[in-house]
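Summary of structural features
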There are 2 protein chains.
Amino acid sequence: MIIDERLRVGSIELCDWKLSRIFFKNESRFIWFTLVPLINDTVEIYQLPQEAQQDLIHEISVLSKYVKDRFQPDKINVGALGNIVPQLHVHVIGRFRNDPFWPHSIWQENYSPEPYQESALLALLKTIHLG
Amino acid sequence: MIIDERLRVGSIELCDWKLSRIFFKNESRFIWFTLVPLINDTVEIYQLPQEAQQDLIHEISVLSKYVKDRFQPDKINVGALGNIVPQLHVHVIGRFRNDPFWPHSIWQENYSPEPYQESALLALLKTIHLG
């Protein structure tokens, strides 16, 4: 399975679920996960086989609920865009009323990442248990 | 079923599918549909019953495929944000390499709609058959 290098940069690979590999983005202002379905040559959701579509919505839901329960964000933002990196990937992002982009999307033209301090990232990753 | 007024403004109500009411946004630069699941008091995807989640991904797929086949966009963008209007709604947007926001998201802080001319909108709506 080939995963586009641009999906890996600035992210930490966490685990594989039934359909998707789960990444955690090194971005301290939001809680940002990415699901990458492990099926080659898929760009749009409708190209997934029907069972994989159902796995995808299930994994989006489980991950969203995890983010809500664990980090108490005010809103979950889910997005599958892919204008820059076409390989199908779905963002699941916990947003906060006091984050600097609220209430707008984080997909702003002038977005650039603000990483965690390394020790904070390592400490946080130790507490993330996705099964 | 109550649908937030802000989801109606600038949109045309097209039809009801099994789960969702389908709206078409009066925005001439992209092909922009919105699905609103007809289940009260739902903000996040994970709050939908499991069967409704499966209906949702199916409706996202069918609508995305329709947009791709009918309008030949370069990419479909799918998003469930809801920071401003919390009622669960999913955007399905056909994007074009020559649209003014490409390759960025259309969820920009400075976004404001650019409606169709009325005659063009009416003519277009006559050609949209979602069953």
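Residues numbered from 1 in each chain as written. Chains lettered and ligands numbered in written order. Predicted model: local features only at pLDDT ≥ 70, side-chain atom pairs only at ≥ 80, totals over all residues. Heavy atoms only, no water.

Some details on the interface of chain B and chain A
- Contacts between chain B and chain A engage 34 residues on the former and 33 residues on the latter.
- Across the chain B-chain A interface, the total number found is two salt bridges.
- A salt bridge links B:Glu44 to A:Lys75; the nearest nitrogen and oxygen atoms lie 2.9 Å apart.
- A per-element tally of the side of chain B that touches chain A places helix α2 (residues 50-71) of chain B first, with 11 residues.
- In the side of chain B that touches chain A, the residues fall into 15 nonpolar, 13 polar and six charged.
- Where strand β4 (residues 75-80) of chain A lies against strand β4 (residues 75-80) of chain B, three bridges are found, and the strand directions are antiparallel. Across the sheet, A:Val78 pairs through a bridge with B:Ala80, a residue of β4(B). (Contact = heavy atoms within 4.5 Å. Salt bridge = Lys/Arg side-chain N within 4 Å of Asp/Glu carboxyl O. Helix = DSSP H or I, 4+ residues; strand = E, 2+ residues; numbered from the N terminus. Nonpolar A, V, L, I, M, F, W, Y, C, P; charged D, E, K, R; others polar. Pairing = 2+ DSSP bridges.)

Some details on the relation of the copies chain B and chain A
- Between the two copies, chain B and chain A, the superposition gives an RMSD of 0.0 Å; the rotation angle is 180° and the shift along the axis is 0.0 Å. On this basis, the relationship between the two copies can be described by a two-fold rotation axis. The rotation axis passes nearest to the C-alpha of B:Gly79 in chain B, at a distance of 2.1 Å.
- In this assembly, 97% of the residues forming the interface of chain B have copies in chain A that are likewise at the interface, indicating an isologous arrangement. (Least-squares fit on C-alpha atoms with pLDDT ≥ 70 in both.)

Some details on the sheet that holds β4(A)
- Read from one edge to the other, the open sheet built from 10 strands follows the order β1(A)-β2(A)-β3(A)-β5(A)-β4(A)-β4(B)-β5(B)-β3(B)-β2(B)-β1(B), with strand pairing classed as antiparallel. Sheet topology places β1 (11-16) of chain A together with β1 (11-16) of chain B at the edges, where each strand pairs with a single neighbour. Averaged over all neighbouring strand pairs, the angle between strand axes comes to 20°, with direction disregarded.
- As judged from the five bridges shared by strand β3 (residues 31-37) of chain B and strand β5 (residues 90-95) of chain B, these two strands associate in the antiparallel manner. Within β5(B), the residue paired with B:Trp32 across the bridge is B:Ile93. (Axes fitted to C-alpha atoms, helices over the stretch in contact; angles between N-to-C directions.)

Focus on α2(B)
- Compared with the 32 Å implied by 1.5 Å per residue over 22 residues, the 31 Å span of α2(B) between its first and last C-alpha is a close match.
- Positioned one or two residues after α2(B), B:Gln72 has a phi angle of 55°, which is positive. (Expected span 1.5 Å × (residues − 1).)

Things to note about the confidence of the model for chain A
- Taken over all residues, the pLDDT of chain A has a mean of 97, while the share at 70 or more is 100%.
- As scored by the predictor, the complex reaches a pTM of 0.98 and an ipTM of 0.97. (pLDDT = per-residue confidence, 0-100.)

Digging into the packing of helix α2 (residues 50-71) of chain A against α2(B)
- For the pair α2(A) and α2(B), interaxial distance at closest approach is 9 Å and the crossing angle is 120°. One finds that α2(A) runs oblique with respect to α2(B). The handedness of the crossing between α2(A) and α2(B) comes out as right-handed. Note on element contacts: α2(B) touches α2(A) through B:Gln50, B:Gln53, B:Gln54, B:Leu56, B:Ile57, B:His58 and B:Ser61, opposite A:Gln53, A:Gln54, A:Leu56, A:Ile57, A:His58 and A:Ser61. (Parallel < 35°, antiparallel > 145°, perpendicular 65-115°, else oblique. Left-handed = near helix turned anticlockwise from the far one by under 90°.)

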